[in-house]
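Residue-level structure breakdown
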Amino acid sequence: MRICVVSYHSSPLEPAGSGKSGGMNVFISHLYKTLARFCEIDIFVRGDRGHIQLGPGIRVIHINKPNFNEFAECIIDYHTTRHYDLIHTHYWLSGMIGLVTKGVLKIPWVHSLHTFEILKRIKKDQVRIEIENEIIKRCDILISPTQKEAIVIKQMNPSTRVITIPHGVDNKRFKPSADGHSTLLYVGRIDPIKGLDLLVDALRFLKREIRLNIVGGPSKGKENFESIKTYANGLPIHFLGKINYEELNKHYSKASIVIVPSYYESFGLVGLEAMASARPVIGFADTGLSETVGRDAGILVKRSVRNLAHAITHLFNNQGSRYTLGLKGREKALHYEWSYIAQRYFVTYEKIIKS
Ligand code: UDP
């Protein structure tokens, strides 16, 4: 099986945790490196670095064409010699490439939204909403990481084929370790959608000294990073900057609780990494965390600063609960091992190609 993967927005070669590189990059590199044991994978990204081999059977192909049509033309050219069995586009910008290649490539087109503009709570982009709508209508199949997102897609366009496959986690990298620390942890790009302002408000509301480590670099401009730093003034909040993915496990094991305060979170890989590390997760119930963390691997509250603050105090004061929730999180995370998730993708790809 030979798969053409399109990641126009950012490359899996870019380290995650700042700028445009986050969960989708971690997802693409883990999924396709695992799938490359069974398939040949070409990942198309923007840039002028030629071909870079990610491992046996998997390479990143840089195309130096900022124009969507020209980028799509290059993929069509590659197809004439590579004869792909399927094209999988990731994120709406790659979906725009899919709209161009649809009908020309004559192979199934699979799309993953990663973030779904219509579901965002802040700053919706109307043009993007319309383009995502078009992609949903025209792709052959959509793979969504949560049931919640799949339901919305079906409501918007009942004829779209949608399959739900969650993202995965590396349970060997993220492992349980003894608790006994009193630090809270946030991991992620520093982007307004991530809700760090809500977390700062919650800590201020608590009126007690609880240390919070923030891991992640600026995304959508340095001003936002600086403004959240200023907003956090006077609280024991430490900005550690972007941390290499390979080093992150140490930060999870030093934490007692991981907080994901996002306004919108399509899936929330950080929640799953915390679960694999046996750390309870606190976040909002209206995010993708409801399908991973659920009710037994952390506390997901109805959206309010007060509820967030109460959940923090409750777990901070209760090591027994932290232990129970953490243990359950680890148990659940084992079902999300990348090899299982990649197998589901493989079976799905196979079915689509055969039909
Ligand atoms: N991450 C990282 N270094 C950092 C901050 C984050 O490697 O300094 C990784 C984190 O471990 C996770 C990903 O970036 O795998 C963020 O994924 P998530 O789905 O939570 O957020 P997104 O970036 O997709 O909004």
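Residues numbered from 1 in each chain as written. Predicted model: local features only at pLDDT ≥ 70, side-chain atom pairs only at ≥ 80, totals over all residues.

Given 3.6 residues per helical turn, the α-helix brings residues three or four places apart onto the same face. In this model helix 11 (residues 319-333) runs 21 Å from its N-terminal to its C-terminal C-alpha over 15 residues, within 8% of the 21 Å that 1.5 Å per residue would give. Buried within helix 11 are the following residues: Arg322, Leu325, Gly326, Gly329, Arg330 and Ala333. Looking straight down helix 11, one finds its buried side chains confined to an arc of 140°; they lie on one side. At its buried positions, helix 11 is contacted by strand 12 (255-260), helix 9 (269-276), strand 14 (298-301) and helix 10 (305-316). (Helix = DSSP H or I, 4+ residues; strand = E, 2+ residues; numbered from the N terminus. Expected span 1.5 Å × (residues − 1). Buried ≥ 20, exposed ≤ 12 C-beta atoms within 10 Å, placed from the backbone. Arc of directions from axis to C-beta. Contact = placed C-beta atoms within 7 Å.)

Further remarks concern the site of the ligand. By nearness alone, 20 residues border the ligand, and Ala16, Gly17, Gly22, Gly23 and Leu269 come closest of all. Only helix 1 (23-35) and helix 9 provide two or more residues apiece to the shell around the ligand. For the shell around the ligand, the per-class residue count stands at 11 nonpolar, 6 polar and 3 charged. Looking at which domains feed residues into the shell around the ligand, each of domain 1 (2-168 + 337-354) and domain 2 (183-335) supplies at least three. (Near = placed C-beta within 6 Å. Nonpolar A, V, L, I, M, F, W, Y, C, P; charged D, E, K, R; others polar. Domains from an automatic or database assignment.)

Right, let's talk about unusual backbone geometry for a bit. Residues other than glycine seldom take positive phi values, yet Tyr91 does so here, at roughly 80°. With respect to the secondary-structure elements, Tyr91 resides in helix 3 (residues 91-101). The class of Tyr91 is buried, set by 21 C-beta atoms lying within 10 Å.

Take the environment of Glu130 next. Its location among the elements puts Glu130 in helix 4 (residues 126-138). Once the C-alpha coordinates of Glu130 and Tyr245 are considered, the two residues, 115 residues apart in sequence, prove to be 34 Å apart.

Attention shifts here to the packing of helix 9 against helix 11. One can describe the packing of helix 9 onto helix 11 by two numbers: an axis separation of 7 Å at closest approach and a directional angle of 110°. Taken together, the axis directions place helix 9 and helix 11 in an arrangement best described as roughly perpendicular. Across from Leu272, Ala274, Met275 and Ala276 in helix 9, the residues of helix 11 making contact are Gly329, Arg330, Lys332 and Ala333. Classifying every residue of the contact of helix 9 with helix 11 by side-chain character gives 5 nonpolar, 1 polar and 2 charged. (Axes fitted to C-alpha atoms, helices over the stretch in contact; angles between N-to-C directions. Parallel < 35°, antiparallel > 145°, perpendicular 65-115°, else oblique.)

This part covers the domain arrangement of the protein chain. Partitioning the protein chain into domains gives domain 1 (2-168 + 337-354) and domain 2 (183-335). Once you take the C-alpha centre of each, domain 1 and domain 2 turn out to be 28 Å apart. At the junction of the two partners, domain 1 supplies 25 residues and domain 2 supplies 23 residues. In terms of residue class, the side of domain 1 that touches domain 2 is made up of 10 nonpolar, 10 polar and 5 charged.

Pairing in this open sheet of 8 strands is mixed, and the strands run 3-4-2-1-5-6-7-8 from one edge to the other. Single-partner strands in this sheet number two, and they are strand 3 (51-55) and strand 8 (162-164). With strand direction ignored, the average angle separating the axes of adjacent strands in the sheet is 25°. Here strand 1 (residues 2-6) runs beside strand 2 (residues 40-46); their pairing, made up of 5 bridges, is parallel. If you follow Cys4 over to strand 2, its bridge partner there is Asp42. Here helix 12 (residues 338-354) sits on the sheet in contact with strand 1, strand 5 (86-90), strand 6 (109-112), strand 7 (141-144) and strand 8, set at roughly 125° to strand 5. (Pairing = 2+ DSSP bridges.)

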